[in-house]
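The chain contents come next:
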Amino acid sequence: MFKLILLLSLIFCETGFAKTDQPKHLWKREFKTEINALALSKDSSKIALTVKPEIKEYKEDKDKNYYDDKRMEWFGSKLYYLDNKGKVLWEYEAKKMEELDNVVMSENGDYIACSVKELITEDREIGYYIGSSGKYKYEIKKWQEWKYKEARFFNSKGKLLWSFKGRIDQCQISSDGNYIFLIPEADEEHNPFDNFYFLNKEGKKIWEISPGKYRTTYWMANDANRIIIADTLYDRNGKILWKLPPNNFFVRISKNGSYATVHYIPPYDVQEVWSGYIKISCADLNQKRILWEKNAKEIDPYYFIDESKGYLVTWMDERFEEGKLKEGEMRIYDLKTGKIIKKTLNPTDFFKYEKTYLNRGKKYIAEKEGNSLNYYTLGATK
């Protein structure tokens, strides 16, 4: 359903665009393996994307000491840098047993960063049933598992400038490419495997901070002047600007770093900051104060801040309230007062608005689908 809505929003996207200008498919490029992630420059003239590695399976006698009696070999994961005609300007291939994953790009397309995983082989005790006997047996088998190992930073010519070792899941890059925020990998229970790191474009560490027991929330404003991690607002030098009261967490920060949303989480549910919150509020980061607060049932986790219009825009899925099924709806709130400006029951309206917001000022957009990259024109913006 979500994919259908997203497709409709792409085809019929007109909110914020001239009505005569409808999206038009310009080209499609296919890659040998599935696209992991992609990033665009601000004007959409440059595209960076990573693709998954190819796989080989080995089931010879010497491989029976591996789990499921087979050994996996991965190779050929790549980072591609393309122009807006689909021409590959350069490509970078990872080593065997590596996978290039989440990718980001500075607004001018001059710098690209991505996270890197490697396939680790280690001995583990594996239990399994023996036929239909009902008996359970344990054996030591070689277990292969992906783990994040580092972040890599490139220029627009394809030169690898530096690598930063660590269990880095995601990278965020400032609009000018001068600063990089590295987010640690975490397990399903949100337990982090590393620290948060803030670097300059030379790869020099400016500061680092432990996420604590749980990796909860994090984000960086476009200019990197403000960074939110859990309950704390930092500047680019790691100085604490504001710390929230207990059990409150910053969740999203506006692009210009002026506003952020805050979730209140009961102490017993602190690791579920996205779904376990019971109150949501909007904070003015310049004045370091909460502007308004609402109960969780009023605002769904799926929302974004449109600071240019002063809106908090949200979509609430259909849900049961007081024993009755309530339809999903889009709500637009005044960012400063929390008052509802608009409601609509049409889910397409929300995704059209979101796509317009995310691509404001762009005439083109790239979308990934499996191993295919599709490029569209969005027409002239208002």
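Residues numbered from 1 in each chain as written. Predicted model: local features only at pLDDT ≥ 70, side-chain atom pairs only at ≥ 80, totals over all residues. Heavy atoms only, no water.

1. Some remarks on the overall build of the protein
Each helix and strand in the protein was counted, giving two helices and 31 strands. Here the contacts in the protein between residues at least 6 apart in sequence split such that 47% fall between residues at least 24 apart. Counting every atom, the protein has about 19500 Å² of accessible surface; 48% of that belongs to carbon and sulfur. (Helix = DSSP H or I, 4+ residues; strand = E, 2+ residues; numbered from the N terminus. Contact = heavy atoms within 4.5 Å. Areas by Shrake-Rupley, 256 points an atom, 1.4 Å probe, with all protein chains shown as cover.)

2. Remarks on the sheet that holds strand 21 (residues 259-264)
Read across the sheet, four strands follow the order 20-21-22-23 without closing on themselves; strand pairing throughout is antiparallel. At either margin of the open sheet sits one strand with a lone partner, and together these are strand 20 (248-253) and strand 23 (289-295). Direction aside, neighbouring strands of the sheet carry axes that sit 30° apart on average. One ladder, built from six bridges, connects strand 21 with strand 22 (residues 279-284); its direction is antiparallel. (Pairing = 2+ DSSP bridges. Axes fitted to C-alpha atoms, helices over the stretch in contact; angles between N-to-C directions.)

3. Thoughts on the pattern of salt bridges
Throughout the structure, instances matching the rule amount to 18 salt bridges. In this structure, the salt-bridge partner of K149 is E118, at a minimum N-O distance of 3.9 Å. With K149 in strand 10 (residues 136-155) and E118 in strand 9 (residues 111-129), this residue pair connects regions lying 31 residues apart in the sequence. Shared partners join several salt bridges into a network, and the residues in it are E98, E118, K149, E150, R152 and K165. (Salt bridge = Lys/Arg side-chain N within 4 Å of Asp/Glu carboxyl O.)

4. Details of the pairing of strand 6 (residues 78-83)
Buried residues dominate strand 6, accounting for six of its six residues. Along strand 6, one buried face is formed by K78, Y80 and L82 and the opposite face, lined by L79, Y81 and D83, is buried too. Looking at chain direction, strand 3 (residues 46-51) and strand 6 are connected through six bridges and run antiparallel. Within the sheet, the bridge partner assigned to I47 lies in strand 6 and is L82. In the sheet, strand 6 pairs with strand 7 (residues 88-93) via five bridges, with the strands oriented antiparallel. Paired with Y80 across the two strands is E91, which belongs to strand 7. Remark: four residues form the turn of the hairpin made by strand 6 and strand 7, two consecutive strands paired antiparallel; G86 in that turn has positive phi of roughly 90°. (Buried < 20%, exposed > 50% of the residue type's maximum accessible area, 1.4 Å probe, protein only.)

5. A closer look at the packing of aromatic side chains
Within the structure shown, the criterion is met by 17 aromatic pairs. With a centroid separation of 5.2 Å and 15° between ring planes, the pair formed by Y81 and W90 is classed as stacked. For the pair formed by Y81 and W90, the shared burial category is buried. Relative to Y234, the ring of W207 has its centre 5.4 Å away and its plane inclined at 25°; by these criteria the two rings are stacked. Pair noted here: W207 is in strand 15 (residues 205-209) and Y234 is in strand 18 (residues 232-235), with a separation of 27 residues, a long-range link. Both residues of the pair, W207 and Y234, belong to the buried class. (Phe/Tyr/Trp six-rings, centres within 6.5 Å; stacked < 30°, edge-to-face > 60°.)

6. Let's talk about the side chain of T33
By the element assignment, T33 lies in the loop between strand 1 (24-30) and strand 2 (35-40). A distance of 2.5 Å separates a polar side-chain atom of T33 from the backbone oxygen of K52. When near neighbours in sequence (up to four residues on either side) are disregarded, T33 contacts V51, K52, P53, E54 and N371. (Polar contact = N/O pair within 3.5 Å; in protein donor to acceptor, adjacent residues only side chain to side chain.)

7. Some points on a nonpolar patch on the surface
Together, Y129, Y136 and Y138 make up an exposed nonpolar region whose accessible area comes to about 400 Å². Within the fold, Y136 resides in strand 10. (Patch = residues over 30% accessible without salt bridge, like charges linked within 9 Å, V, L, I, M, F, W, Y side chains within 5 Å.)

8. Some remarks on the sheet that holds strand 25 (residues 311-316)
As summarised here, the arrangement of the four strands in space is 24-25-28-29, forming an open sheet in which the pairing is antiparallel. This sheet does not close on itself; its edge strands, each paired only once, are strand 24 (303-306) and strand 29 (340-344). Across the sheet, the axes of successive neighbouring strands diverge by a mean angle of 15°, strand direction being ignored. Of the strand pairs in this sheet, strand 24 and strand 25 are connected by four bridges, and their pairing is antiparallel. Its bridge partner being in strand 25, D306 is matched across the sheet by Y311.

9. Side note on the environment of I130
If you trace the backbone, I130 turns up in the loop between strand 9 and strand 10. Dropping the residues within four chain positions of it, I130 is found in contact with K135 and K137.

10. Thoughts on the confidence of the model for the protein
Per-chain confidence: the protein averages 83 in pLDDT, with 83% of residues scoring 70 or above. Between the elements of the protein, mean pLDDT differs from a low of 35, seen in helix 1 (residues 2-11), to a high of 98, seen in strand 7. Predicted confidence for residues 1-21 stays below pLDDT 50, and this span has 43 contacts to residues more than four positions away or in other chains. (pLDDT = per-residue confidence, 0-100.)

11. Observations regarding the pairing of strand 28 (residues 329-334)
Summarising burial for strand 28: five of the six residues are buried, a large majority. Summarising the sheet, strand 25 and strand 28 pair through six bridges and their orientation is antiparallel. Following the sheet pairing, Y311 is matched in strand 28 by D334. Pairing analysis gives four bridges linking strand 28 to strand 29, with the strands arranged antiparallel. Residue pairing across strands places R331 opposite K343, the latter belonging to strand 29. Counting the residues in the hairpin turn of strand 28 and strand 29 gives five residues, including G338, whose phi is positive at 80°.

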